[in-house]
Amino acid sequence: MKLNELRIGNLTSRLPIVQGGMGVGISMAGLASAVANEGGIGVISAAIPGIHEPDFATNSARANIRALRNEIRKARKMTDGVLGVNVMVALTDFSAMVRTSIEEGIDIIFSGAGLPLDLPGYLVEKAKTKLVPIVSSARAAKIICQKWLSRFNYLPDAMVVEGPKAGGHIGFKAEQIDDPDFTLDHLVTEVIDALKPYESGHQKIPVIAAGGVYGGEDIHYFLKLGAAGVQMGTRFVATHECDADDAFKQAYVDAKEEDMVVIKSPVGLPGRVIRNDFTEAVNQGKKKPFKCPFHCIKTCDSSKSPYCIAMALGNARKGKLKHGFAFAGKNAYRVEKVVSVKELMTTLMEEFGRAAAESDVQKEEVYRRCNIDLGPGTRVPQKCEDSAWLF
């Protein structure tokens, strides 16, 4: 099996790998441009990008717009590859971040943490930006397609399906996270099937698998399952080009499996993090509600929140992990060292190649047991094809 290109509308990335958008300040111009230069799709996070701007405390809206604009322009100077911006629906300044991204001519907007039902309405005449929702269920995929078609005569240019092994805020109830009915492979196949009725007469909607995709063998598995590509976040944190402080990256390297925990975030959603002293203090009730001058997330109630999620993530990004924590995917403990994006992409392709070669051997063995001559023109009996489809 070949590692194919990923096509989203008239855009083509050489590799079917999307680098997940990671706030606050984790995936900015440095990481996004490096990924795009290696043939993937690099993504800048629009989640509070201006938190370290000098005027953030007095005018966070202006600081965020300026910071995002600067990051997009900086990335454009560093790469000719495909670039995206991740804009969470839950952001208070969602509209401003979307408009800024489109004004700057970003290739793709990825949008989740809520249903981006109004997203096509932001497109202006001659805008070339592609729109890619992030969903956690086939139901959400259907709702978006129905609403976009009826209101804007527009269908998603692709769809990211994010499973419960993702890092950061997770779009699942606590009891669904380990439920086998909500595994990523189930969700991907359900969304692929849900999109088929909307593809008749229209261009195919590529499905991108996300949440727990770690190695080349995972990429092979999900492409074989029918996904057009994968989105990966955790692996790209442990790269030299990642925009976070080295101490943040080292937290991934040092993490053990038991350190990967799910917390209740102040914004009302489960969040997967690397456990540390800060998260333990929260669990023990040692953090108290605070006064918030930002209100960056619509669902955050600062009068009841034991800490500011923006400040905690911003501190962590700067390496001040005593005053914050790192969001991370379930497989972050598997990270062994920090490498370059180029080294990571090479490793992923090598792992994919080994997985593909192994699956070919296994498939041939299944056919052999069915006494199938694999010569030209051979028609494989359905029962054997069903046994071998996943190899």
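Up top you'll find the structure we're talking about.
Here the structure is a predicted model, which means the values were calculated and not measured.

K.L.:
It is not clear to me how the overall build of the protein chain should be interpreted in this structure. Could you clarify?
P.N.:
When helices and strands are tallied, the protein chain shows twelve helices and 13 strands. Partitioning the contacts of the protein chain with sequence separation of at least 6, the portion at a separation of at least 24 is 65%. Summed over all atoms, the accessible surface of the protein chain reaches about 17,900 Å², with 49% contributed by carbon and sulfur.

K.L.:
Explanation requested: the pairing of strand β12 (residues 260–264) in the structure shown.
P.N.:
Looking along a regular strand, one sees the side chains alternate between the two faces of the sheet. Sheet topology places β12 next to strand β13 (residues 270–274); five bridges connect them, and they run antiparallel. Following the sheet pairing, K264 is matched in β13 by P270.

K.L.:
Hey, could you run me through the side chain of N86 in this one?
P.N.:
Within the element layout of this structure, N86 appears in strand β5 (residues 82–86). Given the relative accessible area of 10%, N86 is considered buried. Excluding residues that lie within four positions of it along the chain, N86 makes contacts with G21, V43, I44, S45, A46, A47, F110 and I134.

K.L.:
What's the story with unusual backbone geometry in this structure? I'm lost.
P.N.:
Where the residue is not glycine, phi is negative for most of them; where a peptide bond is considered, it is trans in most cases. Residues G23 and V24 are joined by a peptide bond in cis, for which omega reads 5 degrees. Its location among the elements puts V24 in the loop between β3 (17–19) and α1 (29–37). Although it is not a glycine, A113 sits at a positive phi angle of roughly 55 degrees. Relative to the elements of secondary structure, A113 occurs in the loop between β6 (108–111) and β7 (130–135). The phi torsion at N153 lies on the positive side, around 50 degrees, for a residue other than glycine. Secondary-structure assignment places N153 in the loop between α4 (138–152) and β8 (159–162). Residue classification places N153 among the exposed residues on the basis of a relative accessible area of 64%.

K.L.:
Can you walk me through the packing of helix α5 (residues 184–199) against helix α6 (residues 216–225) in this structure?
P.N.:
For the pair α5 and α6, the least separation of the axes is 10 Å and the interaxial angle reads 30 degrees. Classified by the angle their axes make, α5 and α6 are roughly parallel. In the crossing of α5 with α6, the sense of the turn from one axis to the other is right-handed. Contacts between α5 and α6 involve L184, D185, V188, T189 and I192 from the first element and Y221, F222 and L225 from the second. For the contact of α5 with α6, the residue count by class is six nonpolar, one polar and one charged.

What counts, and at which threshold
- Residues numbered from 1 in each chain as written.
- Predicted model: local features only at pLDDT ≥ 70, side-chain atom pairs only at ≥ 80, totals over all residues.
- Heavy atoms only, no water.
- Helix = DSSP H or I, 4+ residues; strand = E, 2+ residues; numbered from the N terminus.
- Contact = heavy atoms within 4.5 Å.
- Areas by Shrake-Rupley, 256 points an atom, 1.4 Å probe, with all protein chains shown as cover.
- Pairing = 2+ DSSP bridges.
- Buried < 20%, exposed > 50% of the residue type's maximum accessible area, 1.4 Å probe, protein only.
- Axes fitted to C-alpha atoms, helices over the stretch in contact; angles between N-to-C directions.
- Parallel < 35°, antiparallel > 145°, perpendicular 65-115°, else oblique.
- Left-handed = near helix turned anticlockwise from the far one by under 90°.
- Nonpolar A, V, L, I, M, F, W, Y, C, P; charged D, E, K, R; others polar.

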